[in-house]
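Notes for the structure review
Single-letter residue listing:
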Amino acid sequence: MAADRERENRPEPRSPRFRLDQPRPPRNRILPEYDPEAFGRLSERIARFLGTGRFIVWMTVVIILWVVWNIAAPDHLRFDQYPFIFLTLMLSLQASYAAPLILLAQNRQDDRDRVNLEQDRKQNERSIADTEYLTREIASLRMGLGEVATRDWLRSELQDLVKELDEQRAVFPSERSRGSDVGDR
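A brief structural summary. What you see is a predicted model; the values in this text were computed from it and never measured.

1. Remarks on helix H3 (residues 53-72)
An α-helix turns once per 3.6 residues; consequently, residues spaced three or four apart project the same way. With 20 residues, H3 extends 28 Å from end C-alpha to end C-alpha; this agrees with the ideal 28 Å at 1.5 Å per step. Those residues of H3 hidden inside the fold are in contact with helix H2 (36-50) and helix H4 (85-146).

Structure, rendered in structure tokens:
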């Protein structure tokens, strides 16, 4: 009976707790993993090549060789007879892969353009704010300079004082010119 009571008082085993401070262990995946950035870079390289003159020249050379081989070669070496159905199939296959790769490359370029546009917009906002700040500073300096005595203003004031002194001398001649003997004492 004591053993039964002990079993009743024991806590039931809990399911294992997951620690939130550690990443989960990787799970086994059925499908293989791939790096979407690497696939995107590859698709951009292919799309860039598909948009070059080199691709058009090589594609034209391959098609001409295909047609010439299947017309001029002996019958047992020809692999695609006159309506060239296999050539049409190959060109359709190439086009069906090229179109999504080009669209993927365009989407990636649009994303880059969007990020660059946002960065340019933020830089323009900062430039406008800096320009407005500098404009206000220059305006305040001009207002402050309006209150500062400049060299030309001081020169004109001194010239005015010299003229006033000359006029006062003319009206009130100095005692020296009268011949006073103040200096003899």
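2. Thoughts on unusual backbone geometry
Located in the positive-phi region is Phe84, a residue other than glycine, with phi close to 55°. In this structure, Phe84 sits in the loop between H3 and H4.

3. As for the packing of H2 against H4
The interhelical angle for the contact between H2 and H4, taken along N-to-C directions, is 110°, at an axis separation of 8 Å. Considering their axes alone, H2 and H4 lie roughly perpendicular with respect to each other. For the crossing formed where H2 meets H4, the hand is left-handed. Contact with H2, carried on its side by Glu37, Phe39, Gly40, Arg41, Ser43, Glu44, Ile46, Ala47 and Leu50, involves Gln94, Ala98, Leu101, Ile102, Leu104, Ala105, Arg108, Gln109 and Arg112 of H4 and no other residues of that element. Looking at the contact of H2 with H4 residue by residue, the classes come out as 9 nonpolar, 4 polar and 5 charged.

4. Looking at a negative patch on the surface
A cluster of acidic residues, Glu157, Asp160, Glu164, Asp166 and Glu167, forms a negative patch on the protein surface. Of note, Asp166 is situated in helix H5 (residues 151-171). Classification of Asp166 as partly exposed rests on a relative accessible area of 42%.

5. Section: a nonpolar patch on the surface
Among the surface-exposed residues, Trp69, Leu77, Phe79, Phe86, Leu89, Met90, Leu93 and Tyr97 lie close enough to one another that they form a single nonpolar patch of about 820 Å² accessible area. Considering each element in turn, the nonpolar patch owes the most residues, 5 residues, to H4. Within the secondary structure, Tyr97 sits in helix H4. Judged by its relative accessible area of 57%, Tyr97 falls in the exposed class.

Calculation notes
- Residues numbered from 1 in each chain as written.
- Predicted model: local features only at pLDDT ≥ 70, side-chain atom pairs only at ≥ 80, totals over all residues.
- Heavy atoms only, no water.
- Helix = DSSP H or I, 4+ residues; strand = E, 2+ residues; numbered from the N terminus.
- Expected span 1.5 Å × (residues − 1).
- Contact = heavy atoms within 4.5 Å.
- Axes fitted to C-alpha atoms, helices over the stretch in contact; angles between N-to-C directions.
- Parallel < 35°, antiparallel > 145°, perpendicular 65-115°, else oblique.
- Left-handed = near helix turned anticlockwise from the far one by under 90°.
- Nonpolar A, V, L, I, M, F, W, Y, C, P; charged D, E, K, R; others polar.
- Patch = residues over 30% accessible without salt bridge, like charges linked within 9 Å, V, L, I, M, F, W, Y side chains within 5 Å.
- Areas by Shrake-Rupley, 256 points an atom, 1.4 Å probe, with all protein chains shown as cover.
- Salt bridge = Lys/Arg side-chain N within 4 Å of Asp/Glu carboxyl O.
- Lys, Arg positive; Asp, Glu negative; His and termini not counted.
- Charge placed at Lys NZ, Arg CZ, Asp CG, Glu CD.
- Buried < 20%, exposed > 50% of the residue type's maximum accessible area, 1.4 Å probe, protein only.

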